[in-house]
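Listed below are the residues making up each chain.
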Amino acid sequence: MGARFQGAMVACALAFSASASAKAQSLTITATGTIVGGCGITVGSNFGPANLSAGGNVTGTATVNCNAGFKINATSANGAIKTNTVAPANFTNAVPYSLAMTVPLDVGGNVSATCNSSELVAGQSGCALSPGNSAGLSSNGKTANNKTATLTASWSLPAPRLIAGSYSDTITVSIASVP
């Protein structure tokens, strides 16, 4: 019976001791980290087939993912839709076009630009999408998370007739985050 009493006394003493020494304490822990700004662009749908026998347009899409402000530039391999067939007098082997791009933003509408294909060749800077334009098509610091951008190539039938052949151009769209 003595052991039971002694155990009870110890419990009471601990309870008393704990409440007598309780003081308010605080601890501040600061958590820090960095999320690096990044952007990506992937093909949603390619341009459809182009009927170059008449004026027209084709549309494609791309998915834009940017967690920071960004800029977009585009480069045309040929500066027009072209064939390698040499064009004799009164014919042409190139169809100039315009490229329009619209990117929805998370907040604040869209950003867009339209450029002539001749402005999309290396070294050109006269249009927002031009490869040499350091500002590019700018989101003005806004983000675009999983947004579908629309690209439309439009052309008119050139005055000299087109020479027979397979026509193509390659457009490369690049995106970069802007601090």
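A quick note: this is a predicted structure, and the numbers were derived from the prediction, not measured.

**Student:** Any chance you could explain the state of the cysteines here in plain terms?
**Tutor:** Note on terminology: a disulfide is the covalent bond linking the sulfur atoms of two cysteines. Tallying each qualifying case throughout the model produces 2 disulfides. Note on cysteine connectivity: Cys39 is disulfide-linked to Cys66, with sulfurs 2.2 Å apart. Classification of the bridge connecting Cys39 and Cys66 rests on its S-S torsion, roughly 135 degrees, and on that basis the disulfide is right-handed. Note that Cys39 is positioned in strand S1 (residues 39-45) and Cys66 in strand S2 (residues 56-66), a separation of 27 residues in sequence. Looking at Cys39, the relative accessible area reads 26%, which means it is partly exposed. Through a disulfide, Cys115 is tied to Cys127; the S-S separation comes to 1.4 Å. Handedness here is read from the sign of the S-S torsion; for Cys115 and Cys127, about -65 degrees, the answer is left-handed. Taken together, the residues span a long stretch of sequence, with Cys115 in strand S8 (residues 110-116) and Cys127 in the loop between S8 and strand S9 (137-138) at a distance of 12 residues. As far as burial versus exposure is concerned, Cys115 and Cys127 are alike and both buried. Looking at the chain, its bonded cysteines, counted consecutively from the start of the sequence, adopt the pairing 1-2, 3-4.

**Student:** What's the story with the pairing of strand S10 (residues 144-155) in this structure? I'm lost.
**Tutor:** Where a strand is regular, its side chains alternate between the two sheet faces. By the bridge criterion, 10 bridges tie S2 to S10 in an arrangement that is antiparallel. Considered in S10, the bridge of Ala62 is made with Ala149. Pairing geometry for strand S7 (residues 98-104) and S10, over 5 bridges, is antiparallel. The residue of S10 that forms the bridge with Ala100 is Thr152.

**Student:** Whenever I open this one, unusual backbone geometry confuses me. Can you help?
**Tutor:** For residues other than glycine, phi is negative in most cases, and the peptide bonds are mostly trans. Positioned with a positive phi, Asn90 is a non-glycine residue whose angle comes to about 70 degrees. Structurally, Asn90 is set in the loop between strand S4 (81-82) and strand S5 (91-92). Non-glycine residue Asn140 carries a positive phi angle of around 55 degrees. Structurally, Asn140 is set in the loop between S9 and S10.

**Student:** When you look at the nonpolar core in this model, what are you seeing that I'm missing?
**Tutor:** Soluble globular proteins: nonpolar side chains tend toward being buried together. Formed by 30 residues in total, the largest nonpolar core has its most connected members in Phe70, Ile72, Met101, Val103 and Leu129. Of all the elements in the fold, those that place two or more residues in this core are S2, strand S3 (70-76), S7, S8 and S10. Per-element accounting of this core gives the leading share, 5 residues, to S10.

**Student:** I keep staring at the layout of surface pockets and nothing clicks. Help me out?
**Tutor:** To locate leftover empty space, one rolls a probe as large as a water molecule over the atoms. Estimates place the volume of the largest pocket at around 560 Å³. Of all the secondary structure elements, the ones that give two or more residues to the lining of the largest pocket are S1, S2, S10 and strand S12 (171-177). Here the residues of the lining of the largest pocket are counted per class, giving 16 nonpolar, 8 polar and 1 charged.

**Student:** What should I look at first to understand the pattern of salt bridges in this one?
**Tutor:** For side chains bearing opposite charge, pairing can occur when the charged atoms are close. Enumeration according to the criterion identifies 1 salt bridge in this entry. The salt bridge involving Lys147 is made with Asp106; its shortest N-O contact spans 3.9 Å. Linking Lys147 in strand S10 with Asp106 in the loop between S7 and S8, this pair joins segments that are 41 residues apart in sequence. Its relative accessible area of 24% is what places Lys147 among the partly exposed residues.

About the cut-offs
Residues numbered from 1 in each chain as written. Predicted model: local features only at pLDDT ≥ 70, side-chain atom pairs only at ≥ 80, totals over all residues. Heavy atoms only, no water. Disulfide = S-S within 2.5 Å. Helix = DSSP H or I, 4+ residues; strand = E, 2+ residues; numbered from the N terminus. Buried < 20%, exposed > 50% of the residue type's maximum accessible area, 1.4 Å probe, protein only. Pairing = 2+ DSSP bridges. Core = buried A, V, L, I, M, F, W, Y, C linked by side-chain atoms within 4.5 Å. 1 Å grid on protein atoms, 1.4 Å probe; cavity = no way out; pocket = protein on both sides within 12 Å on 5 of 7 lines; lining within 4 Å. Points joined across faces, edges and corners; volume = space filled by probe spheres on them. Nonpolar A, V, L, I, M, F, W, Y, C, P; charged D, E, K, R; others polar. Salt bridge = Lys/Arg side-chain N within 4 Å of Asp/Glu carboxyl O.

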